[in-house]
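Observations on chain architecture
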Amino acid sequence: MFAKLARTGVLIAAIGVAGCNDSSMKDFAPEANKPLPDKILADMKAKGMVRTSSVMARIFKEEGKLEIWKAKTNGRYDLVASYDICKWSGKLGPKYTEGDRQAPEGFYTVRPSQMNPRSNYHLSFNIGFPNAYDRANGRTGANLMVHGACSSSGCYSMTDAQIEQIYAFGRDAFQGGQTEFQIQAFPFRMTAANMARYRNDPNYEFWKMLKVGYDNFEITKVPPKVDVCEKRYVFNQVAPEGTTFDPTGPCPESTQPDSLKTAYADYEKRYDAAFSSAVRSSAPAPKPTIAGIKEASIVSDWSKRRARGERVPIEPPSMNSDGSVTETVRMGRIDSPLGRKMAALDAEKEAKRKAEEQRLAAIEAAKTAKEAAKAQALAEKEAAKQAAQQQVVTAGVEVAPAQPAAETQAASADEGTVSKLKKKLLGMFGG
C-alpha cells in the first residue's frame, strides 16, 4: 500500500547535510502494521471519531510537543494524542539551507508515498520539505522527516514506541480514503504572550505569517487551505475561477467566506488586547533563535566539512546577537569511512611534520654543538696564555736585554783612553 522512499546514496556523506537521510534497508517491517492501543481507540470513539477518519499533526518546538488531531463525525477536528518530541535539532526559526540542521517550520503535506515502513529510523514519514513557500524563497534541503530512533539532524525525532502510534494514525487515515494529511510546524504555541516575547526577533515577520494559519485552525478546527503567492503563505483564500496561486507571482483577488472573516476579526480583537497586556507584563526570556541565512550558511559549511570527515568543533557554530560566532573548544570528526580516511591522512601529515621538526632540530643541535666546541677551544687557549704570564710574575725575574761582546770591549777601551789623557793634563799644569 505504501511506496518505499527511494534508496539514497552514501549515507555517511550526507549526515548533517541533507537532514535525516533515510535509506530503506529492512525487508520486513511488522512495526508498520501495529494497531493503535485500545485506550486511544476508546478515546477516539468517545469523541465521535472512527479509526480511519482524517488526521492532522501540529508540532511546537519550544514546548517540544507533537499533537495528533483527528476529524470527528461533524467534520471538525479534535486533539486525540500528544507526544513529547524526543529530539529536534537547530534553534527556533525556519530551515534556510541544506545542512543548517534546522527542523522546518511551516505548513507541509504528507502523502502515502512519503510513508516509509522500512526506515533506518524504525519508522518514518517525509514531511515534504521544501514546499512551495520554501522553493519560492530559495530554501533548500531534503529528507526532513518525523521518525523514530530518537536521533536528529534537522528532523523531528520520536521514540520508537511513539512513532509506531503516529505512523498508525497516518496509515489508518489513508486506509479510510484521506489522500494527504497536513503537518503544521510552529516555533511555539502562537499565543499573544509568546508572540510578545519574540516581538523583537529577526524571525518575527515570518512567525506573524504562520500565525494567520494557526489562527484559522484555532477558529475553525479544520486544517486551513494553504496556498503561496508573492512568496508568502495565504490561508483559506478562494481564487476566481480560472486563476491559480503562483508562489512567486502576484496574489489574485481572492475571497473568503463572510462567516470566517467575521470570526477572524473577533479573534484578532481579543488577541490584540492580550498582546498589549503581555507586552507590559514580565515574561520568561526568549529561547535561542536562528539569525537568518547568515547563521544558516555558517552551520551548513560546518556540516559539509563534518560530512567530508574533517576535524571540526563537536557542536555546530552559533551566531551571537552582536554578529560574532561561538564555537566549542572540543574538536572531533564523524566516525565514518570518510572520517577514518581523513584521520589517517591527518596522522600521516602529522608524522611527516614531526619528522621534519626532528630533522631541523638535529641540524640546529649539531650547529650549536660545533659553535660550543669552537668557543671552548678558544677559551682554553686564552686560559693557557694567561697561566704562563702569571708564572713569570710570580717568580719575580726581570730579564735585561743582552749586549753584544764587541760593544762591551769597545766601551772598555774608550774608558782607558780618557783616563790616560786626564792624568797627562794634570801633570803639565801641576794639578
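Look up a bit, the structure's there.
Note that the structure is predicted; figures quoted are calculated from it, not measured.

What about the environment of F107?
Position of F107 among the secondary structure elements: in strand 5 (residues 106-110). Judged by its relative accessible area of 5%, F107 falls in the buried class. Put simply, F107 and P224 are 117 residues apart on the chain and 9.5 Å apart in space, counted from C-alpha to C-alpha. Those residues in contact with F107 that lie beyond four places of it in its chain are N131, Q182, I183, Q184, F186, L210, G213, Y214, P224, V226, Y233 and F235.

Some thoughts on the packing of aromatic side chains
Scanning the model with the defined rule gives 17 aromatic pairs in all. Both rings, one in F107 and one in Y233, keep their centres 5.6 Å apart while their planes meet at 65°; by these two values the pair is edge-to-face. Separated by 126 residues along the polypeptide, F107 in strand 5 and Y233 in strand 12 (residues 232-235) bring together distant segments of the chain. Residue F107 shares its accessibility class with Y233, and that shared class is buried. Here the guanidinium or amino end of R139 rests over the ring plane of F206, the centre of that ring lying 5.3 Å away. Against the face of F60 rests R189, its NZ or CZ located 4.2 Å from the ring centre.

Some thoughts on the packing of helix 6 (residues 204-220) against helix 7 (residues 258-280)
Running from amino to carboxyl end, helix 6 crosses helix 7 at an angle of 125°, the nearest separation of the two axes being 10 Å. With respect to helix 7, the element helix 6 is oriented oblique. Seen along the crossing, helix 6 lies across helix 7 with a hand that is right-handed. In this structure, helix 6 uses Y204, K211, V212, Y214, D215, N216, E218, I219 and T220 to contact helix 7, whose residues at the interface are L260, A263, Y264, Y267, E268, Y271 and F275. Taken together, the residues of the contact of helix 6 with helix 7 sort by class into 10 nonpolar, 2 polar and 4 charged.

Some details on the pattern of salt bridges
One pass over the structure, following the stated rule, counts 23 salt bridges. With its nearest N and O atoms 3.4 Å apart, the salt bridge here joins E67 to R58. Using a relative accessible area of 3% as the deciding quantity, one classes R58 as buried. One salt-bridge network, in which partners are shared between bridges, spans R58, E67, R189 and E218.

Considering the state of the cysteines
Applying the stated criterion across every chain yields a total of 2 disulfides. Covalent S-S linkage joins C86 and C150, the inter-sulfur distance amounting to 1.7 Å. Disulfide C86 to C150: torsion about the S-S bond roughly -65°, handedness left-handed. Remark: C150 occurs in the loop between strand 8 (145-147) and strand 9 (156-157) and C86 occurs in the loop between strand 3 (77-84) and strand 4 (87-88); sequence separation between them is 64 residues. Its relative accessible area of 24% is what places C150 among the partly exposed residues.

With respect to the pairing of strand 3
The pairing of strand 2 (residues 65-71) with strand 3 spans 7 bridges and is antiparallel. Note that in strand 3 the partner of K65 across the bridge is D84.

Examining unusual backbone geometry
Going from F129 to P130, the amide bond is cis rather than trans, its omega being 0°. Residue position: P130 is located in the loop between strand 7 (124-126) and helix 3 (132-136). Within the chain, K231 stands out as a residue other than glycine whose phi angle is a positive 65°. As for its placement among the helices and strands, K231 is situated in the loop between strand 11 (226-229) and strand 12. K231 sits in the partly exposed class, given a relative accessible area of 42%.

Regarding the sheet that holds strand 2
The strand order 3-2-1-10-5 describes an open sheet built from 5 strands, whose pairing is mixed. Unpaired on one side and paired on the other, strand 3 and strand 5 mark the two borders of the sheet. The sheet shows a mean angle of 20° between the axes of neighbouring strands, taken without regard to direction. In the packing of helix 6 onto the sheet, contacts are made with strand 1 (55-60), strand 2, strand 3, strand 5 and strand 10 (181-186), and the angle to strand 1 comes to roughly 130°.

Calculation criteria
- The residue numbers shown here count from 1 along each chain, following its written sequence.
- In view of the model being predicted, local features appear only for residues whose pLDDT reaches at least 70, and side-chain atom pairs are presented and counted only at 80 or more, with totals across whole chains, interfaces and linings using the full set of residues.
- Heavy atoms from the whole structure form the basis of all side-chain values; hydrogens and water molecules are not counted.
- A run of H or I in DSSP counts as a helix once it spans at least four residues, and a run of E counts as a strand once it spans at least two, with each numbered from the N terminus.
- For every residue, the accessible area obtained with a 1.4 Å probe (protein chains only) is divided by the maximum for its type, and the residue is called buried under 20%, exposed over 50%, and partly exposed between those limits.
- Between two residues, a contact is recorded if the distance between any of their heavy atoms is within 4.5 Å.
- Note on aromatic pairs: the rings of Phe, Tyr and Trp (six-membered ring only in Trp) are paired at centre separations within 6.5 Å, and the planes decide the class, stacked below 30 degrees, edge-to-face beyond 60, tilted for the rest.
- The criterion for a charge sitting over a ring is simple: Lys NZ or Arg CZ within 6 Å of the ring centre, and within 35 degrees of the ring normal.
- Each axis is a line fitted through C-alpha atoms, and for a helix only the stretch in contact is used; angles between axes span 0 to 180 degrees, taken between their N-to-C directions.
- Angular relationships are summarised with four words: roughly parallel below 35 degrees, roughly antiparallel beyond 145, roughly perpendicular across 65 to 115, and oblique for the angles in between.
- Note on convention: the crossing is left-handed when the near helix lies turned anticlockwise from the far helix by less than a right angle, right-handed when the turn is clockwise.
- Under the grouping applied here, Gly and all other residues not named as nonpolar or charged are polar, the nonpolar ones being Ala, Val, Leu, Ile, Met, Phe, Trp, Tyr, Cys and Pro and the charged ones Asp, Glu, Lys and Arg.
- A side-chain nitrogen of Lys or Arg and a carboxyl oxygen of Asp or Glu constitute a salt bridge if their distance falls within 4 Å.
- Any two cysteine sulfur atoms lying within 2.5 Å of each other are counted as a disulfide.
- DSSP bridges decide pairing: two strands pair if at least two such bridges lie between them.

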